[in-house]
Amino acid sequence: RGTNGAGTSAIIDVGGSTTTVIVSTAGVPQFVRIIPTGGDDLTNALATRLGLTVEESEALKMSLGLSIGATSPEQGQAISIMYEVTSELITSLRNTLSYFAGARQADAVSRIVLTGGGSNLLGFGAALSEFTRLPVVPGAILETIEVSKKIDRPALENKGSSLAVALGLALGSGA
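About the thresholds
Residues numbered from 1 in each chain as written. Predicted model: local features only at pLDDT ≥ 70, side-chain atom pairs only at ≥ 80, totals over all residues. Heavy atoms only, no water. Axes fitted to C-alpha atoms, helices over the stretch in contact; angles between N-to-C directions. Helix = DSSP H or I, 4+ residues; strand = E, 2+ residues; numbered from the N terminus. Parallel < 35°, antiparallel > 145°, perpendicular 65-115°, else oblique. Left-handed = near helix turned anticlockwise from the far one by under 90°. Contact = heavy atoms within 4.5 Å. Nonpolar A, V, L, I, M, F, W, Y, C, P; charged D, E, K, R; others polar. Buried < 20%, exposed > 50% of the residue type's maximum accessible area, 1.4 Å probe, protein only. Pairing = 2+ DSSP bridges. Right-handed = clockwise from strand over helix to strand, strands pointing away. Core = buried A, V, L, I, M, F, W, Y, C linked by side-chain atoms within 4.5 Å. Salt bridge = Lys/Arg side-chain N within 4 Å of Asp/Glu carboxyl O.

**A short note on the packing of helix α1 (residues 39-50) against helix α3 (residues 73-103)**
Here's step 1: Here α1 crosses α3 at 140°, and the two axes come no closer than 10 Å. Looking at the two axes, α1 sits oblique to α3. Seen along the crossing, α1 lies across α3 with a hand that is right-handed. Counting all contacts with α1, which are made through Asp41, Leu42, Ala45, Leu46, Arg49 and Leu50, the residues of α3 involved are Gln77, Ala78, Ile81, Met82, Glu84, Val85 and Thr86.
Here's step 2: In terms of residue class, the contact of α1 with α3 is built from 8 nonpolar, 2 polar and 3 charged.

Dropping the structure here:
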């Protein structure tokens, strides 16, 4: 919205089972790709390979993120698994942006806006920025809207990236 919508941006929504890439110029979608992988794939890989429950895997994933320092062999193994699974998604994202750049050379992507529950993985945005060589910013959806004082704003901000698509649809093109 507003000045945040200027230029060409790649909005990447990392969901549980899919990752959606929308490249937009001045807020108008130019290209869409849906990648059939998301945050649940990482959780399931940890559960399968480490013999954990899904709940334990999710907690481990959220506490470690893409850390570089493990304090135990188990953490080291978990981090290795997370890097492996995450690098597959990041490679798909980089290839998607490269394809767009080759097809639409006049509309170079200037930044990535990261949304969705999977975007909360510690270190994911930094890794994506490193591999794509583009700045990655969180989808700060509450910056440009007014929220009722009755709503717990900090709790809403914690879930904000998961609500980006729904809020965008609710606001529509007149926002």
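There's more to say after this.
**Structural notes on the pairing of strand β4 (residues 111-115)**
Here's step 1: Burial analysis of β4 places 4 of its 5 residues in the buried class, which makes it a mostly covered element.
Here's step 2: Bridging between strand β1 (residues 8-14) and β4 involves 5 bridges; their strand directions are parallel. Across the sheet, the residue bridging to Ser9 is Arg111, located in β4.
Here's step 3: Here β4 pairs with strand β5 (residues 136-138) via 3 bridges, running parallel. Paired with Ile112 across the strands is Val136, a residue of β5.
Here's step 4: Once you follow β4 into helix α4 (residues 124-132) and on to β5, the crossover reads as right-handed.

**Side note on the packing of α3 against α4**
Here's step 1: Two elements in contact, α3 and α4, have axes separated by 10 Å at closest approach and are oriented at 45°. Here α4 runs oblique to α3, going by the angle between their axes. The interaxial crossing formed by α3 with α4 has right-handed handedness. Counting all contacts with α3, which are made through Thr86, Leu89, Ile90, Leu93, Arg94 and Leu97, the residues of α4 involved are Phe124, Ala127, Leu128, Phe131 and Thr132.
Here's step 2: Tallied by class, residues from the contact of α3 with α4 come to 8 nonpolar, 2 polar and 1 charged.

**Regarding the nonpolar core**
Here's step 1: In this structure, Ile12, Val23, Leu93, Phe124 and Leu128 are the most contacted members of the largest nonpolar core, which totals 31 residues.
Here's step 2: Mapped onto this core, the elements with two or more residues apiece are β1, β2 (19-25), β3 (28-35), α1, α2 (54-64), α3, β4 and α4.
Here's step 3: At 10 residues, the largest contribution of residues to this core is made by α3.

**Notes on the pattern of salt bridges**
Here's step 1: Under the definition given, this model contains 3 salt bridges.
Here's step 2: Note that Lys61 is salt-bridged to Glu58, the shortest N-O span being 3.1 Å. Placement of both Lys61 and Glu58 in helix α2 is noted, with a separation of 3 residues, approximately one turn of the helix.
Here's step 3: Here Asp107 and Arg104 are joined by a salt bridge, their closest N and O atoms 3.2 Å apart.

**A look at the pairing of β1**
Here's step 1: Counted residue by residue, β1 has 6 buried out of 7 residues, so it is predominantly covered.
Here's step 2: Relative to β2, β1 runs antiparallel, the two being bridged by 7 bridges. When the bridges of β2 are listed, Ile11 appears paired with Ile22.

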